[in-house]
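Fold and geometry: a report
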Amino acid sequence: MTRKHILVLNSGSSSVKYRLLSMGEEPAKGAEAGEAVRLASGTVERIGEAGSPVADHGQALRAVADELERVGFGLDSEELIAIGHRVVHGGTAFTEPTLITDRVVEKIKKLVPLAPLHNPANVEGIQVARRLRPDLPQVGVFDTAFHCTIPEAAATYAIDRATAERYGIRRYGFHGTSHAYVSREAARLADRPDPNVIVLHLGNGASVSAVAAGRCVETSMGMTPLEGLVMGTRSGDVDPGVLVHLRREARMRTEEVDGLLNRRSGLLGLCGDNDMRAVERRVAEGDPDAELALSVYCHRIRKYVGAYYAVLGTVDVIAFTAGVGENSALVRERALAGLEALGIALDPGLNAAGKGLISADGSRVKVAVIPTDEELEIARQTLEVVSRNGRG
Ligand SMILES: Nc1ncnc2c1ncn2[C@@H]1O[C@H](COP(=O)(O)OP(=O)(O)O)[C@@H](O)[C@H]1O
Ligand SMILES: CC(=O)OP(=O)(O)O
Ligand SMILES: [Mg+2]
């Protein structure tokens, strides 16, 4: 059996996460046939920060290449058949994983104003990887793609239509690769075919999606990854009147408002810590700022669960995922407490254990902790594209 290796790159503003996978190998004992085997993975952090040895994404990718070489899987390997890249904003142009060409790169660049924290790093990663292996197919997998099925009623902001059209103002949604993977896993837990699922992706960025029979019908992030839930450093929903007020009364410049809402808000803005572990520690010590931050965070989740319950009409599975969702029993407990009348009840012991099903026996809605795996999903989609193009 020939081995097909795929390298996945997730280039963030200050880090590059990488994973090398062997796709469709002879299954390891107990694993599913045709599943991927992880050969190497890691993160290069603090890119471009003061005192960091990694000045830019070029250096970061060279560090990744060196590390792969060291563990016996150099970038020049013949078994490496493609590189898959996470790209955060695909706009309306990219609704499917896409083979990267010069034209595709140009289009991703055009979307930078819609995702200024994310798309520039994605473009950098793609360009450096193409220089290192110009002969290799590279595939972009877009965070927005899974949400392209959202109906117009949910995707449209109620503002002047001509202005909205001119500036590409509509709701796109993000973390789609994670929502796709986790909703598919969650659907397996349901007692009926084509179930309705609510996915809570709670990481640094955080978003909710409502998925009906495998299709996304609503999600909490909007034109940019700022709308919706409270995040580590991002505010999530605020009255847009707040922006006008800050510009007019506080005389804040655009960059200041941007910095306030994207980098100095969320948990960090409320209590000075953006790491949920630190927030939880302080809550246990009775710190009132941390308590407020946690309660705003959990209240917002609860509100969205109720809203998406109404959007779907009925819910079969609620899935928690990503750093906070997978690890914080306290957040899960506080977000869903008192919802027995909606058929949602956690089992305290199972919630504390935090693996798989965590709902009580009699809970009509199943609640589960499902670890996300964006890298595996990107690798699968990358393999599909190269196979379709006869390159794999
Ligand atoms: N044991 C834990 N308890 C509570 N929160 C945790 C725990 N482990 C990680 N987290 C939270 O997960 C967050 C990161 O989530 P993650 O999905 O890794 O983010 P991203 O991929 O967006 O960088 C951290 O900021 C931290 O607050
Ligand atoms: C789109 C987004 O918010 O991504 P992240 O959670 O990686 O910041
Ligand atoms: Mg993440």
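If you're wondering where the values come from, they're calculated on a predicted model, not measured in any experiment. (Residues numbered from 1 in each chain as written. Chains lettered and ligands numbered in written order. Predicted model: local features only at pLDDT ≥ 70, side-chain atom pairs only at ≥ 80, totals over all residues. Heavy atoms only, no water.)

**Details of the side chain of S209**
Convention followed: By definition, any uninterrupted DSSP run of H or I lasting at least four residues is a helix, any uninterrupted run of E lasting at least two residues is a strand, and each is numbered from the N terminus. Remark: exposure states derive from per-residue accessible area (1.4 Å probe, protein chains only) relative to the maximum for the residue type, with buried under 20%, exposed over 50%, and partly exposed in between. Whenever two N or O atoms come within 3.5 Å, that pair is a polar contact, provided that in protein one can donate a hydrogen and the other can accept it, and provided that, for residues adjacent in sequence, both atoms are side-chain atoms. Note on contacts: a residue pair is in contact if any heavy atoms of the two residues lie within 4.5 Å.
Positionally, S209 belongs in strand β8 (residues 206-212). According to the relative accessible area criterion, S209 is buried, its value standing at 0%. A polar contact is formed between the side chain of S209 and the side chain of H179, at a distance of 2.8 Å. Discounting chain neighbours no more than four positions away, the residues touching S209 are H147, H179, V197, I198, V199, C216, E218, T219 and Y308.

**Description of the packing of helix α11 (residues 288-312) against helix α13 (residues 329-336)**
The condition that has to hold: With axes taken as lines fitted to C-alpha atoms, and helix axes fitted only over the stretch in contact, angles between N-to-C directions fall between 0 and 180 degrees. Here roughly perpendicular refers to angles of 65 to 115 degrees, roughly parallel to angles under 35, roughly antiparallel to angles over 145, and oblique to all remaining angles. Each crossing is labelled by how the near helix is turned from the far one, with a counterclockwise turn of less than a right angle marking it left-handed and a clockwise turn marking it right-handed. Gly is placed with the polar residues, together with every amino acid not listed as nonpolar (Ala, Val, Leu, Ile, Met, Phe, Trp, Tyr, Cys and Pro) or charged (Asp, Glu, Lys and Arg).
Where α11 contacts α13, the axes come no closer than 8 Å and their chain directions differ by 55 degrees. In terms of orientation, α11 and α13 fall into the oblique class. The hand of the α11/α13 crossing is right-handed. Facing α11, whose interface residues are E291, L294, S295, Y297, C298, I301, R302 and V305, α13 presents L330, V331, R334, A335 and L336. Counted by class, the contact of α11 with α13 contains 9 nonpolar, 1 polar and 3 charged residues.

**Looking at the UniProt feature "binding site: Mg(2+)" (unreviewed entry) in the protein chain**
Quick note on the threshold: UniProt positions are given in the numbering used here, feature names are shortened, and annotations may be inferred rather than shown by experiment.
In this structure's numbering, the residues bearing the UniProt feature "binding site: Mg(2+)" (unreviewed entry) are N10 and E374. A stretch of 365 residues holds the annotated residues, and the largest C-alpha distance among them is 9.1 Å, short enough that they meet in one place. Considering the arrangement of structural elements, one finds N10 in strand β1 (residues 4-11). Overall, the relative accessible area of 8% leaves N10 in the buried class. Sequence-distant contacts of N10, that is, excluding residues within four places in its chain, are made with S15, V16, K17, R86 and E375. Tracing the chain through its elements places E374 in helix α15 (residues 374-388). Residue E374 is classed as buried on the basis of its relative accessible area, which comes to 12%.

**Quick look at the sheet that holds β8**
The cut-off we apply is this: In this analysis, strands are considered paired if DSSP registers two or more bridges between them.
Read across the sheet, 6 strands follow the order β9-β8-β7-β10-β12-β11 without closing on themselves; strand pairing throughout is mixed. Every interior strand has two partners, whereas the edge strands, β9 (215-219) and β11 (356-357), have only one. Two elements, strand β7 (residues 196-202) and strand β10 (residues 317-321), share 5 bridges in a ladder whose sense is parallel. Residue pairing in the sheet places I198 in a bridge with I318 of β10.

**Comments concerning the site of ligand 1**
Which entries qualify depends on this criterion: What makes a residue near a molecule or strand is one non-hydrogen atom of that residue sitting within 4 Å of it. Per-residue and other accessible areas follow the Shrake-Rupley method at a 1.4 Å probe size, with only the shown protein chains counted as cover for residues.
Within the structure, ligand 1 sits among K17, G203, N204, D275, M276, R277, A322, G323, V324 and N327. With respect to ligand 1, the backbone of G323 contributes an N or O atom lying 2.9 Å from an oxygen atom. Relative to its unbound accessible surface of 580 Å², ligand 1 loses 70% to contact with the protein. Elements represented by at least two residues in the shell around ligand 1 include exactly α10 (276-284) and α12 (322-327). Sorting elements by how many residues they give to the shell around ligand 1 places α12 first, with 4 residues. Residues that form the shell around ligand 1 fall into these classes: 3 nonpolar, 4 polar and 3 charged.

**Examining the pattern of salt bridges**
Here is the rule: Each reported salt bridge corresponds to a side-chain nitrogen of Lys or Arg within 4 Å of a carboxyl oxygen of Asp or Glu.
The final tally for this structure, using the stated rule, is 23 salt bridges. Linking R130 and D102 is a salt bridge whose minimum nitrogen-to-oxygen distance equals 3.0 Å. Placement of the pair is R130 in helix α3 (residues 119-132) and D102 in helix α2 (residues 102-110), with a sequence separation of 28 residues. For D102, a relative accessible area of 55% corresponds to the exposed category. Here D273 makes a salt bridge to R282, at a shortest N to O gap of 2.9 Å.

**Some remarks on α2**
Just so we agree on the cut-off: The arc refers to the directions leading from the helix axis to the C-beta atoms.
Here α2 has its buried residues at V104, V105 and I108. The buried residues of α2 occupy one face: seen down the axis, they fall within an arc of 100 degrees. Away from its buried face, by an angle of more than 90 degrees, α2 presents the exposed residues D102, R103 and K110. Tucked into the core, α2 has its buried residues touching β4 (80-87), β5 (98-99), α3 and β6 (138-142).

**Things to note about the nonpolar core**
Here is the rule: Only buried residues count toward a nonpolar core. Its members are Ala, Val, Leu, Ile, Met, Phe, Trp, Tyr and Cys residues joined through side-chain atoms within 4.5 Å.
Among the nonpolar cores identified, the biggest contains 43 residues, and L202, Y297, I301, I318, V331 and I344 are the most heavily contacted of them. The biggest single contributor to this core is α11, with 11 residues. In this structure I301 touches L200, L202, L229, V331 and A335, once residues within four positions along its chain are discounted. Listed in part, the 31 residues of the second largest apolar core include F146, A154, V197 and V199.

**Some thoughts on the pairing of β7**
Counting buried positions along β7 yields 7 of 7 residues, so the element is predominantly enclosed. The two faces of β7 match: N196, I198, L200 and L202 on one face and V197, V199 and H201 on the other face are all buried. Relative to β8, β7 runs antiparallel, the two sharing 7 bridges. Among the inter-strand pairings, I198 is bridged to a residue of β8, identified as A210. Turn length for the β7-β8 hairpin, with the two strands adjacent in sequence and antiparallel, is 3 residues.

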